[in-house]
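Structure assessment
So the chains spell out like this:
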Amino acid sequence: MFSLNATGGAGYDTALLWAGGMRLLERGVPWLNLGGGARWGDGIDTYKRYFGGTSLPLGALKEVYRPDAFAALTERAGLTGPEESSYFPPYRRPGILGSAQPRPT
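Scope of this entry: the structure provided in the associated data block. This is a predicted model, so every value here is computed, not measured. (Residues numbered from 1 in each chain as written. Predicted model: local features only at pLDDT ≥ 70, side-chain atom pairs only at ≥ 80, totals over all residues. Heavy atoms only, no water.)

Some words on the nonpolar core
Counting six residues, the largest nonpolar core consists of F70, L73, A77, L79, Y91 and I96. I96 has contacts with A77, L79, P90 and Y91, leaving out every residue within four places of it along the chain. (Core = buried A, V, L, I, M, F, W, Y, C linked by side-chain atoms within 4.5 Å. Buried < 20%, exposed > 50% of the residue type's maximum accessible area, 1.4 Å probe, protein only. Contact = heavy atoms within 4.5 Å.)

Right, dumping it as structure tokens:
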């Protein structure tokens, strides 16, 4: 199920989302993931919890497929590893290597 607003559609989003959820329930779909906001308790999260759901933490998978390239780019940025930054990969943190984004060679 998708939910989006077009010009002039404001005001119908809650009713349409509720009707869509009820339709899924009638079809035996046990879960509806509405996603979340940018952070817990923001306006989007609060709105979606209005439907009776449960807020759950959102995790992110951080996996390195080319350890050689990751190590080279991290070293080039002057960092020792991913623990030095909340950004992943750490060498993409704004200001680390200027405006150009490094690419493995």
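Having seen it, we continue.
Observations concerning the layout of surface pockets
Here the largest pocket is characterised by a volume of approximately 890 Å³. L32, N33, L34, G53 and T54 are the residues nearest the centre of the largest pocket, which is lined by 29 residues in total. Put simply, the parts of the chain that give the lining of the largest pocket at least two residues each are α1 (13-26) and α2 (43-49). Broken down by element, the residue count for the lining of the largest pocket peaks at six residues, all from α1. Its residues placed into classes, the lining of the largest pocket shows 16 nonpolar, nine polar and four charged. (1 Å grid on protein atoms, 1.4 Å probe; cavity = no way out; pocket = protein on both sides within 12 Å on 5 of 7 lines; lining within 4 Å. Points joined across faces, edges and corners; volume = space filled by probe spheres on them. Helix = DSSP H or I, 4+ residues; strand = E, 2+ residues; numbered from the N terminus. Nonpolar A, V, L, I, M, F, W, Y, C, P; charged D, E, K, R; others polar.)

A short note on α1
Between its first and last C-alpha, α1 extends 20 Å over 14 residues, near the 20 Å set by a 1.5 Å rise per residue. Along α1, the residues that are buried comprise L17, G20 and G21. What you see down the axis of α1 is that its buried residues fit within an arc of 100 degrees, all on one side. Among the exposed residues of α1, those oriented more than 90 degrees off its buried face are A15, L16 and E26. Packing partners of the buried residues in α1 comprise α2. Positioned one or two residues after α1, G28 has a phi angle of 90 degrees, which is positive. (Expected span 1.5 Å × (residues − 1). Arc of directions from axis to C-beta.)

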